[in-house]
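In case you want the letters, here they are:
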Amino acid sequence: MVNDSFPFRIVLASNSPRRKELLAGLGIPFTVRVLPDIDEHYPSGLSSEETAVFIASNKAKAYRSSMAEDELIITADTIVVCEQKILGKPHDEADAHRMLSLLSGQSHDVITGVCLCSKTHEEHFAVTTKVTFKQLSDEEITYYINNYHPLDKAGAYGIQEWIGYIGVTALEGSYFNVMGLPVQRVYEALRKWE
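Residues numbered from 1 in each chain as written. Predicted model: local features only at pLDDT ≥ 70, side-chain atom pairs only at ≥ 80, totals over all residues. Heavy atoms only, no water.

Draft legend 1. Structural detail: the side chain of T78. Locating T78 in the fold gives a position in strand β3 (residues 71-82). Side chain to side chain, T78 and R19 meet in a polar contact 3.0 Å long. Of note is the side chain of T78, whose polar atom sits 2.9 Å from the side chain of T112. Each residue touching T78, except ones within four places of it in the same chain, is listed here: R19, V110, I111, T112, A154 and G180. (Helix = DSSP H or I, 4+ residues; strand = E, 2+ residues; numbered from the N terminus. Polar contact = N/O pair within 3.5 Å; in protein donor to acceptor, adjacent residues only side chain to side chain. Contact = heavy atoms within 4.5 Å.)

Draft legend 2. Up close: helix α4 (residues 138-148). When we look at burial in α4, the residues that qualify are E140, I141, Y144 and I145. Relative to the axis of α4, the buried residues are bounded by an arc of 125° and lie together on one face. In this structure, the buried side of α4 is in contact with α3 (93-103) and α5 (162-167). Just downstream of α4, H149 is the residue with a positive phi angle, here 45°. (Buried < 20%, exposed > 50% of the residue type's maximum accessible area, 1.4 Å probe, protein only. Arc of directions from axis to C-beta.)

Draft legend 3. Spotlight on the side chain of K153. As for its position among the elements, K153 is in the loop between α4 and α5. Leaving out residues up to four positions away in the same chain, K153 has contacts with R18, G88, K89, P90, Y144, G158, Q160 and E161.

Draft legend 4. Region of interest: the nonpolar core. With 42 residues, the main nonpolar core has I74, L116, Y157 and L190 as its most contacted residues. Those residues within four positions of I74 in sequence are excluded, and the remaining contacts are I10, V11, L12, A13, L23, V114, C115, L116, V186 and L190. Among the nonpolar cores identified, the runner-up in size contains nine residues, and V11, A60, I73 and C117 belong to it. (Core = buried A, V, L, I, M, F, W, Y, C linked by side-chain atoms within 4.5 Å.)

Draft legend 5. Molecular detail of unusual backbone geometry. Despite not being glycine, E83 has its phi angle at roughly 50°, a positive value. With a phi close to 45°, H149 is a non-glycine residue in the positive phi region. Within the fold, H149 resides in the loop between α4 and α5. Accessibility expressed as a relative area gives 48% for H149, which makes it partly exposed.

Draft legend 6. Layout of the environment of D95. Locating D95 in the fold gives a position in helix α3. Taking the relative accessible area as the measure of exposure, D95 reaches 10% and is therefore buried. Taking the C-alpha atoms as reference points, D95 and S44, 51 residues apart in sequence, are found 21 Å from one another. Excluding residues that lie within four positions of it along the chain, D95 makes contacts with K89 and P90.

Draft legend 7. Inspection of α3 at higher detail. For α3, the complete set of buried residues consists of D95, A96, M99, L100, L102 and L103. With its buried residues spanning 155° around the axis, α3 presents them on a single face. Capping the start of α3 is the job of one residue whose side-chain oxygen sits 3.2 Å from the backbone nitrogen of A94: D92. G105 sits one or two positions beyond α3 and adopts a positive phi of about 70°.

Draft legend 8. Fine view of a nonpolar patch on the surface. A contiguous nonpolar surface patch, about 240 Å² in accessible area, is contributed by L171, Y175 and F176. Overall, L171 belongs to the partly exposed group, its relative accessible area being 31%. (Patch = residues over 30% accessible without salt bridge, like charges linked within 9 Å, V, L, I, M, F, W, Y side chains within 5 Å. Areas by Shrake-Rupley, 256 points an atom, 1.4 Å probe, with all protein chains shown as cover. Salt bridge = Lys/Arg side-chain N within 4 Å of Asp/Glu carboxyl O.)

Draft legend 9. Structural detail: the packing of α3 against α4. Closest axis-to-axis distance for the α3/α4 pair is 10 Å, and the angle between their directions is 135°. Judged by the inter-axis angle, α3 sits oblique to α4. Regarding α3 and α4, the two cross each other, and that crossing is right-handed. Between α3 and α4, the residues in contact are E93, A96, H97, L100 and S101 and D138, I141, T142, Y144, I145 and N146, respectively. A class-by-class count of the residues in the contact of α3 with α4 yields five nonpolar, four polar and two charged. (Axes fitted to C-alpha atoms, helices over the stretch in contact; angles between N-to-C directions. Parallel < 35°, antiparallel > 145°, perpendicular 65-115°, else oblique. Left-handed = near helix turned anticlockwise from the far one by under 90°. Nonpolar A, V, L, I, M, F, W, Y, C, P; charged D, E, K, R; others polar.)

So this is what it looks like as structure tokens:
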């Protein structure tokens, strides 16, 4: 179990309230540090899993020069993949509507790439969850966008919000991964660093 004798101070490199909540749920002490303007571009030709891991690892690299010897940085990036298209965060409400219309009545993959990084070691992995939505009406999509403003979410939705309550008909894999952090895998990875 990761506890007070853990040899590293854990730093979550994310502004996401969901990631903070999920990591806190493990009962592990951590601090949050966020650097501005980290590049989230990725090269073409990568698989979906490789893309998520590439972005998470790239985020970790931005912290490496300012890390203390006893710090372990956790970075993550979540993407949504539908019909072999990667859906990041929507640019605006029209883009959010386009994404949710694409996901409507379909199954899609939610992939979170995670990187754990110290001064001397790095581990990364990707976790995939398959999510299926019912056929969403235009009114439901518009209501969700107008009331929940999902512009900060990959695929333009948060499963823990109204759209998840009324729209998700099936889920294969980790629910928490869809929220933005596969905490079970993170916990297992941290145990290897003890």
